[in-house]
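Architecture and fold: a report
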Amino acid sequence: MILPIVAYGDPVLRKVGVEIDANFPDLKELITNMKETMYNASGVGLAAPQIGKAIRLFIIDASPFAEDEDLSDEDRATLKSFNKVFINAKILEEDGEEWSFNEGCLSIPDVREDVTRKPKITIEYKDEDFKTHTEVLEGLAARVFQHEYDHIEGILFTDKISTLKKRLIKRKLENISKGKINADYRMRFPSLKNKK
Ligand code: ZN
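Quick summary incoming for the structure in this document.

This part is about the layout of surface pockets. The gaps of empty space that remain are located by a probe, the size of a water molecule, rolled over the atoms. Counted as a void, the largest pocket has a volume near 400 Å³. Residue lining of the largest pocket: 23 residues in total, with Val44, Gly104, Cys105, Leu106 and Arg112 positioned closest to the centre. When contributions to the lining of the largest pocket are tallied by element, the ones reaching two or more residues are β5 (99-105), β6 (108-117) and α3 (139-152). Roughly 320 Å³ of internal volume is contained in the second largest pocket. Along the walls of the second largest pocket sit 14 residues, with Asp75, Thr78, Glu138, Gly139 and Leu140 positioned nearest its centre. When contributions to the lining of the second largest pocket are tallied by element, the ones reaching two or more residues are α2 (73-80), β5, β8 (132-138) and α3. The leading source of residues in the lining of the second largest pocket is α2, at four residues. For the lining of the second largest pocket, the per-class residue count stands at eight nonpolar, two polar and four charged.

Right, let's talk about unusual backbone geometry for a bit. In this structure, Asp26 is a non-glycine residue whose phi angle is positive, near 50°. Turning to its location among the elements, Asp26 is positioned in the loop between β1 (5-6) and α1 (27-40). Here Asp26 falls in the exposed class, since its relative accessible area comes to 56%. In the Ramachandran plot, Phe130 falls in the positive-phi region, its phi being about 65° despite a non-glycine side chain.

Conventions used here
Residues numbered from 1 in each chain as written. Predicted model: local features only at pLDDT ≥ 70, side-chain atom pairs only at ≥ 80, totals over all residues. Heavy atoms only, no water. 1 Å grid on protein atoms, 1.4 Å probe; cavity = no way out; pocket = protein on both sides within 12 Å on 5 of 7 lines; lining within 4 Å. Points joined across faces, edges and corners; volume = space filled by probe spheres on them. Helix = DSSP H or I, 4+ residues; strand = E, 2+ residues; numbered from the N terminus. Nonpolar A, V, L, I, M, F, W, Y, C, P; charged D, E, K, R; others polar. Buried < 20%, exposed > 50% of the residue type's maximum accessible area, 1.4 Å probe, protein only.

See the structure below:
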């Protein structure tokens, strides 16, 4: 089932997600629905707060990035198979010199800004079977993970841009929270919630 994606301005996007365990109600179904929702919106990642649940769960499928021309064969192979469920994820270490990449977010349609992040991270997480993994991610794989991880911490990529750029997109963000946007997928807008 395709779920509506929560738009910028909804308080759920600002909540720090809580950890979950294997008894979380209908978890398999939730993950299936989140995947369907992400693919329908042509996203490479989706975090639970974006469908209205403040829990530490997100999914990533970075395979569309594998089409990028400028990648090494190794990076291409990594991205092609970077399709995972992350539960109770932690960033254990972040390394390297910050690099800039133009990010976007399904909760903030039509806004893209350069965000700087560190290129190499060591992470720990549980998969959908609650098996624990420790992995090192680099480049775009690390980038997508960091963006989704921020969601479960209540952080959005627009928090990480300069004061000037924030000012420039202020009106656009206000419009998104008011539902004045045409996304080509289902969304839920905070200011329209109580006006049925
Ligand atoms: Zn996002």
